[in-house]
Amino acid sequence: MLQMLWHFLSSFLPRAGCQGSREGNNNEVRGTPAPARGDQMSSFLGKQDGRAEATEKRPTILLVVGPAEQFPKKIVQAGDKDLDGQLDFEEFVHYLQDHEKKLRLVFKSLDKKNDGRIDAQEIMQSLRDLGVKISEQQAEKILKSMDKNGTMTIDWNEWRDYHLLHPVENIPEIILYWKHSTIFDVGENLTVPDEFTMEERQTGMWWRHLVAGGGAGAVSRTCTAPLDRLKVLMQVHASRSNNMCIVGGFTQMIREGGAKSLWRGNGINVLKIAPESAIKFMAYEQIKRLVGSDQETLRIHERLVAGSLAGAIAQSSIYPMEVLKTRMALRKTGQYSGMLDCARKILAREGIAAFYKGYVPNMLGIIPYAGIDLAVYETLKNAWLQRYAVNSADPGVFVLLACGTMSSTCGQLASYPLALVRTRMQAQASIEGAPEVTMSSLFRQILRTEGAFGLYRGLAPNFMKVIPAVSISYVVYENLKITLGVQSR
């Protein structure tokens, strides 16, 4: 919520347009009194049929951030529920109600004294909490752009009237409180990356979030590594003739290699977090510029496209490490002396192509995983915000954990058959006498010999690790944020 002030400072403070007869740039309306809220609505709608088109321009809408002619289009995009390119009266009223609710949350977060007014000191303190220092004169300049009665304070009515027709996507407090991909690590880094506000980028908080998320993922994966290895063993070796249960699987692993063998494959699994996260984040930022004009206002389908493409690029870059992780998890005692020895032997026996076995089902699995995870998380988030976000957009730890667990579980359930086929293809050469198979033939073989249930071998330990993985990664993430000095939440 606090980030909105920095958006004011960086976006319009150097060129603040004003209401009434104040001097400004092209955004101002000279000599025109500020219209009342009802006048703004009727002025925007304008047409007799009660519909607004994105191409209409109304000089009585007094907005400052950016050229005035861009706002009708943005508002239509934000409120157009039936995607017909127009905004009818019901859609516009719904947009106003929803947006006013978000504005009240921001106003209350800035009102440090709880007196119903925002003054220059409160603006300065809010930005200081984010590591951004401004002078009192700069804070007063922000106030003047919204202050109608010359008191050098802003009450709720002034705040609401000024920002009412500014699209809700530009309010970044939801982004701050509802981080998802950065916080929660369940072992599959296929989720759509989180958004970072302009303030987090400019204050250097974004890389601290990524470092905290990477550290949390390393701890989480290490703690749940035995369940992850059991999942891989069940995906590859379990069948109707070899029914492997959870207790039997753990017993078999300990008998074969001792308790230490439960963590086989974990080293490479942790090691790949850093390059995968860095590549995906950089690719996501570049792709966002191609699919959306405003980096902070991408819609869900745009985020899905950008996130899926970024995930595909990252997975393509580190996929040999995925193959190594599977081979290390399946190895027998003494088979390999380490990761490098495993890589050398695979290269010598099978060639470079072996490092990309299972690549196609892995790529195909990104879309259902990322899409369903994002859709479920956004649905749960919006449902909570609509019903319970009265004084704050902060959902609290339990709501955040519940939403993260539900979305991750649904995403994994949808993509699990592809993940199982990928793992079996990665493990082909490690199984003595195993024939070379393609993705389609492996699907047919599993359905013919094991039925549809065979596509979900290992699902139980996979789901068992979700709750501890999400919980551990959240706790570690929050503690690492404190250590790194992250103050954006």
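Treat the numbers as computed from the prediction; the structure is a model and nothing was measured. (Residues numbered from 1 in each chain as written. Predicted model: local features only at pLDDT ≥ 70, side-chain atom pairs only at ≥ 80, totals over all residues. Heavy atoms only, no water.)

> What is the right way to look at the overall build of the chain in this model?
Scanning the chain for helices and strands turns up 21 helices and four strands. Scored against the burial criterion, the 489 residues of the chain give a buried share of 55%. Residue pairs in contact within the chain that sit at least 24 positions apart in sequence constitute 73% of those at least 6 positions apart. For the chain, the computed accessible surface area is about 21,400 Å², with 59% contributed by carbon and sulfur atoms. (Helix = DSSP H or I, 4+ residues; strand = E, 2+ residues; numbered from the N terminus. Buried < 20%, exposed > 50% of the residue type's maximum accessible area, 1.4 Å probe, protein only. Contact = heavy atoms within 4.5 Å. Areas by Shrake-Rupley, 256 points an atom, 1.4 Å probe, with all protein chains shown as cover.)

> How should the confidence of the model for the chain be read in this particular structure?
Atomic detail in the predicted coordinates should be set aside for any region of low pLDDT. Predicted confidence across the chain gives a mean pLDDT of 75, with 69% of residues reaching 70 or more. Here residues 1–71 is modelled with pLDDT under 50, and outside its nearest four sequence neighbours on either side it reaches 157 contacts, counting other chains as well. Low confidence marks residues 167–173, where pLDDT is under 50. Its contacts with residues over four positions away, or in another chain, come to 29 contacts. (pLDDT = per-residue confidence, 0-100.)

> I tried to follow the nonpolar core on my own but got confused; where do I start?
Generally speaking, soluble globular proteins have nonpolar side chains that are buried together. With 16 residues, the main nonpolar core has Ile118, Ile123, Met146, Ile154 and Trp159 as its most contacted residues. Among the secondary structure elements, those contributing two or more residues to this core are helix H4 (89–110), helix H5 (120–129), helix H6 (136–144) and helix H7 (156–163). The greatest single-element share of this core, amounting to four residues, is contributed by H4. In this structure Ile118 touches Phe107, Leu110, Asp111, Ile123, Leu143, Thr153, Ile154 and Trp159, once residues within four positions along its chain are discounted. Counting residues in each nonpolar core, the second largest holds twelve residues, with Leu230, Ala238, Met244 and Ala329 among its members. (Core = buried A, V, L, I, M, F, W, Y, C linked by side-chain atoms within 4.5 Å.)

> Looking at this structure, how should I read the environment of Lys101?
Mapped onto the elements of the fold, Lys101 is located in helix H4. Sequence separation between Lys101 and Leu385 is 284 residues, and the spatial gap between their C-alpha atoms is 9.6 Å.

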